[in-house]
Amino acid sequence: MTKKNCCLLEMPLSTTSCSPLTRLRRSLEASAPVVFLSGIYSLLLEEEVKPGFTLRLLHAQAACLMLLFPAPLGLPARLVCLLWAALALRQCRNNNSNNSF
């Protein structure tokens, strides 16, 4: 594979290399369940929601779920979940305002 087309979807990259995480993200964005959820989110939010932003929303939902999950976790674990949820929500907010996805 060449550096320009090294990803699963054979899409040209703006960077010179393609990391495994980039390949995974692109394959997830193209998957049928994520595209289906994008359509549902678009209907609910009444604006276009691209698959990349759908993945960010799912990430934030998972982080909030783990924060609120009723498990006997200590304070350090709860703080880590709180930090994770805050960062995931911030990432959603930043990407939505930039419209990069």
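Notes on the structure in this doc start here.

Procedures and definitions
- Residues numbered from 1 in each chain as written.
- Predicted model: local features only at pLDDT ≥ 70, side-chain atom pairs only at ≥ 80, totals over all residues.
- Heavy atoms only, no water.
- Axes fitted to C-alpha atoms, helices over the stretch in contact; angles between N-to-C directions.
- Helix = DSSP H or I, 4+ residues; strand = E, 2+ residues; numbered from the N terminus.
- Parallel < 35°, antiparallel > 145°, perpendicular 65-115°, else oblique.
- Contact = heavy atoms within 4.5 Å.
- Nonpolar A, V, L, I, M, F, W, Y, C, P; charged D, E, K, R; others polar.
- Buried < 20%, exposed > 50% of the residue type's maximum accessible area, 1.4 Å probe, protein only.
- Polar contact = N/O pair within 3.5 Å; in protein donor to acceptor, adjacent residues only side chain to side chain.
- Salt bridge = Lys/Arg side-chain N within 4 Å of Asp/Glu carboxyl O.
- Patch = residues over 30% accessible without salt bridge, like charges linked within 9 Å, V, L, I, M, F, W, Y side chains within 5 Å.
- Areas by Shrake-Rupley, 256 points an atom, 1.4 Å probe, with all protein chains shown as cover.

### Description of the packing of helix 1 (residues 20-29) against helix 3 (residues 51-68)
Interaxial distance between helix 1 and helix 3 falls to 9 Å at its minimum, and their mutual angle equals 100 degrees. As summarised for this structure, helix 1 and helix 3 are arranged roughly perpendicular, according to the angle between their axes. Contacts between helix 1 and helix 3 involve R25, L28 and E29 from the first element and P51, G52 and L55 from the second. Looking at the contact of helix 1 with helix 3 residue by residue, the class counts come to three nonpolar, one polar and two charged.

### As for unusual backbone geometry
With phi around 60 degrees, E46 is a residue other than glycine that occupies positive phi space. Turning to its location among the elements, E46 is positioned in the loop between helix 2 (32-45) and helix 3.

### Examining the side chain of E29
Along the chain, E29 falls in helix 1. Since its relative accessible area comes to 19%, E29 is described here as buried. Polar side-chain contacts of E29 include one of 2.9 Å to the side chain of R25.

### Some details on the pattern of salt bridges
In the structure shown here, the tally under the stated rule is one salt bridge. R25 is paired through a salt bridge with E29; the nearest N and O atoms lie 2.9 Å apart. One end of the pair, R25, and the other, E29, are both in helix 1, four residues apart, so they sit about a helical turn from each other. The class of R25 is partly exposed, set by a relative accessible area of 30%.

### What to know about a nonpolar patch on the surface
Together, F36, I40, L44 and L45 give the surface a local cluster of nonpolar side chains, amounting to about 420 Å² of exposed area. As for its placement among the helices and strands, F36 is situated in helix 2.

### A short note on the side chain of T54
Secondary-structure assignment places T54 in helix 3. Judged by its relative accessible area of 0%, T54 is buried. Other than its neighbours up to four places away in sequence, T54 contacts V34, L37, S38, Y41 and V49.

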